[in-house]
Protein chains: 2
Amino acid sequence: MIRYRIIFSGSGGQGLVSAAIILAEAAVMHENLEAIQSQSYGAAARGGATRSDVIISDGPINLPKVFQPGILICLTQEAYNKFSNLIRPGGLLISDSKFVSTTRKVDARQVELPLYQTVVEEIGKPVVLNICVLGALIGMCGIVKKSSVEKILAVKFPPAFMANNQIALDLGFEMGFEYAE
Amino acid sequence: MIRYRIIFSGSGGQGLVSAAIILAEAAVMHENLEAIQSQSYGAAARGGATRSDVIISDGPINLPKVFQPGILICLTQEAYNKFSNLIRPGGLLISDSKFVSTTRKVDARQVELPLYQTVVEEIGKPVVLNICVLGALIGMCGIVKKSSVEKILAVKFPPAFMANNQIALDLGFEMGFEYAE
């Protein structure tokens, strides 16, 4: 049985809700999987660490919230501090190497990637960071094919956005693929 | 205690996920409330009725899924057939008068609005239907101020989209306000 439980965490405005929705849509529309996606907004969303949850499976999913993520992505220190204790033993923790210092002991494989820095250096602005993160995730873990994500991006964004989205997705994919197991 | 449990239902591509996210963000960013938003994707999303859930409260919310919506919005017959039995007794069912014939007995106040038809007649295309739906919801039920939604729209969309979004929001708000209690 396929079942991925993923939390994207970071701060508001990083596009983590979009990244989660794109992943869920790619899984459902192009890979015949089921997906549930959710996010909480609250005091945290007004300034602190935010999270966006996705569950992807080849069978029915009942609860939309992820209690123990097999994969946790942390883009900020605050998100790491708040969510790293949730990770499923033996899971995978992906963090941004510029913003997160992974000082805690967690029973998980930890991979630090220069996501933010790469996007800013190669594209000049962090606006497509979320797409780069998504690329890294699927490069490292599979979950869905890159072409499935590309099809969703092509439908979701105006053509003018596609070039930077594609670069960000490719950059992330390459970074992640180096750590694929 | 404030607690709204809302389901937007219809078909894929109607923008119901966006509508739910905009409502959640307006509540959290500009009204100091808490919100959780979620959607399932699966066999249903590949053609059938889709739903997008929001819970808004002035206190903590634990589960992101809405089991019994106090407010159910149905934009298609298929969504109505699938979800109308979920409604909380004494709740509110808002449906599109062109696409839904409300043939069932439900223990809820039923309001039929010409949402689709009004958007197509006044704007010429249905692309902002979701914003009109959101306008109708807040016109009828309050939940958040119209200005709070406008602030989210202004941040979320390029300026070129604002004119049609504003018209759609205003049209919906007026339609809904006629039924406010």
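Structure report, in brief. Computed from a prediction, not measured in an experiment: that's the story for all the values here.

The helix and strand tally for chain A stands at six helices and six strands. For chain A, the sequential pattern of α-helices and β-strands runs β-α-β-β-β-α-β-β-α-α-α-α. Taken over C-alpha atoms, the radius of gyration comes to 15 Å for chain A, in line with the 16 Å a tight globule of 181 residues would show. With the C-alpha coordinates of chain A rotated into their principal frame, the extents come out at 40 × 40 × 35 Å. If you take every contact in chain A between residues at least 6 apart in sequence, the share linking residues at least 24 apart comes to 57%.

Now for the pattern of salt bridges. Scanning all chains against the criterion turns up 12 salt bridges over all chains. One salt bridge in this structure joins Lys-146 of chain B and Asp-170 of chain B, with 2.7 Å as the shortest N-O distance. Residue Lys-146 of chain B is located in helix H5 (residues 146–156), and its partner Asp-170 of chain B is located in helix H6 (residues 159–177); the two are separated by 24 residues in the primary sequence. Overlapping salt bridges, with partners in common, bring together Lys-146, Glu-150 and Asp-170 of chain A in one network.

So, on to the relation of the copies chain B and chain A. Each of the two chain copies can be generated from the other by rotation about an axis followed by a shift along it. When chain B is brought onto chain A, the operation consists of a screw motion whose angular component is 180 degrees and whose axial shift is 0.0 Å, with 0.0 Å RMSD remaining. In the structure described here, the two chain copies are related by an operation that fits a two-fold rotation axis. Among all C-alpha atoms of chain B, that of Ser-38 of chain B lies closest to the rotation axis, at 2.0 Å. When the interface residues of chain B are mapped onto chain A, 100% of them again fall at the interface, so both copies present the same face.

Before going further, it helps to examine the interface of chain B and chain A. Opposite the 24 residues of chain B that make contact, chain A presents 24 residues. At the boundary of chain B with chain A, total buried surface from both sides reaches about 1,900 Å², with 56% on carbon and sulfur atoms. Connecting chain B to chain A are zero salt bridges. For the pair chain B and chain A, the interface holds four residue pairs in polar contact (both at pLDDT 80 or more). Of the strand pairs in this sheet, strand S2 (residues 34–41) of chain A and strand S2 (residues 34–41) of chain B are connected by seven bridges, and their pairing is antiparallel. Looking at the pairing, Tyr-41 of chain A lines up with Ala-35 of chain B of S2 of chain B.

In this structure, Phe-8, Leu-23 and Leu-137 of chain A together with Phe-8, Leu-23 and Leu-137 of chain B are the most contacted members of the largest nonpolar core, which totals 94 residues. For this core, the leading source of residues is helix H1 (residues 16–31) of chain A, giving 11 residues. Excluding anything up to four places from it in sequence, Phe-8 of chain B contacts Leu-16, Ala-19, Ala-20, Leu-23, Thr-50, Arg-51, Ser-52, Val-54, Ile-73, Val-133, Leu-134 and Leu-137 of chain B.

All right, on to the pairing of strand S1 (residues 3–11) of chain A then. All names here are of chain A. Sheet topology note: the S1/strand S3 (residues 49–57) ladder contains nine bridges and is antiparallel. Following the sheet pairing, Gly-10 is matched in S3 by Thr-50. Pairing of S1 with strand S4 (residues 71–74) involves four bridges; the strand directions are parallel. Within S4, the residue paired with Phe-8 across the bridge is Ile-73.

All names here are of chain A. For Ile-143, which is not glycine, the phi dihedral falls at a positive 70 degrees. For Ile-143, the position within the fold is in the loop between helix H4 (129–141) and helix H5 (146–156). Taking relative accessible area as the criterion, Ile-143 reaches 10% and is therefore assigned buried.

Turning our eyes to something else, we now look at the sheet that holds S2 of chain A. The 12 strands are arranged S6(A)-S5(A)-S4(A)-S1(A)-S3(A)-S2(A)-S2(B)-S3(B)-S1(B)-S4(B)-S5(B)-S6(B) in an open sheet whose pairing can be described as mixed. On the outer flanks of this sheet lie strand S6 (108–113) of chain A together with strand S6 (108–113) of chain B, each paired with one strand and no other. Looking at each pair of strands side by side, their axes are set apart by 15 degrees on average, direction ignored. Running over the sheet, H1 of chain A touches S1, S2 and S3 of chain A together with S2 of chain B and is turned about 165 degrees from S2 of chain A.

This next bit is on the packing of helix H1 (residues 16–31) of chain B against helix H4 (residues 129–141) of chain B. Each pair of packed helices can be described by the angle between their axes along with the distance between the axes. All names here are of chain B. At a minimum axis distance of 9 Å, the contact between H1 and H4 shows a crossing angle of 45 degrees. With respect to each other, H1 and H4 are oriented oblique. Here H1 runs over H4; the crossing is right-handed. Contacts from Ser-18, Ala-19, Ile-22 and Leu-23 of H1 reach H4 at Asn-130, Ile-131, Leu-134, Leu-137 and Ile-138. Considering only residue class, the contact of H1 with H4 consists of seven nonpolar, two polar and no charged.

Let us look at the environment of Ala-79 of chain B. All names here are of chain B. Considering the arrangement of structural elements, one finds Ala-79 in helix H2 (residues 77–83). Accessibility expressed as a relative area gives 0% for Ala-79, which makes it buried. Taking the C-alpha atoms as reference points, Ala-79 and Ile-94, separated by 15 residues in sequence, lie 12 Å from one another. Once residues within four sequence positions are removed from consideration, Ala-79 is found in contact with Ser-9, Gly-10, Ala-49, Cys-74 and Ser-84.

Conventions adopted
Numbering of residues begins from 1 in every chain and follows the order in which that chain's sequence is written. All chains are assigned letters beginning with A, and all ligands numbers beginning with 1, in the order in which they are written. Local features are withheld for residues below a pLDDT of 70 in this predicted model, meaning they are given only at 70 or higher, and side-chain atom pairs are given and counted only at 80 or more; totals for whole chains, interfaces and linings count all residues. Just so you know, side-chain values use all the structure's heavy atoms and leave hydrogens and water out. The helix count covers DSSP runs of H or I at least four residues long, the strand count covers runs of E at least two residues long, and both are numbered beginning at the N terminus. Our radius of gyration looks at C-alpha atoms and nothing else; its globule reference is 2.2 Å times the residue count to the power 0.38. Contact between two residues is taken to exist if any of their heavy atoms lie within 4.5 Å; hydrogens are not considered. A side-chain nitrogen of Lys or Arg and a carboxyl oxygen of Asp or Glu constitute a salt bridge if their distance falls within 4 Å. Least squares is the method used to superpose the copies, on C-alpha atoms of residues holding a pLDDT of at least 70 in both. What gets called buried area is simply the loss in accessible area from a 1.4 Å probe that two parts show on being joined, summed for both. In protein, a polar contact requires one atom able to donate a hydrogen and another able to accept it; more generally it is a pair of N or O atoms within 3.5 Å, and residues adjacent in sequence count only if both atoms are side-chain atoms. DSSP calls a pair of strands paired once it identifies at least 2 bridges connecting them. Take the buried residues of types Ala, Val, Leu, Ile, Met, Phe, Trp, Tyr and Cys, join any two whose side-chain atoms come within 4.5 Å, and each joined set is a nonpolar core. Relative accessibility under 20% of the residue-type maximum defines a buried residue, over 50% an exposed one, and the middle range a partly exposed one, all with a 1.4 Å probe and only protein chains included. All axes are obtained by fitting lines to C-alpha atoms, using only the stretch in contact for helices, and the reported angles, taken between N-to-C directions, cover 0 to 180 degrees. Note on terminology: angles under 35 degrees are roughly parallel, angles over 145 are roughly antiparallel, angles of 65 to 115 are roughly perpendicular, and the others are oblique. Definitions for this section: a left-handed crossing has its near helix turned counterclockwise from the far helix by less than a right angle. A right-handed crossing has that turn clockwise. Classification used: nonpolar for Ala, Val, Leu, Ile, Met, Phe, Trp, Tyr, Cys and Pro, charged for Asp, Glu, Lys and Arg, polar for all others including Gly.

Distances and angles like these do not, on their own, reveal function.
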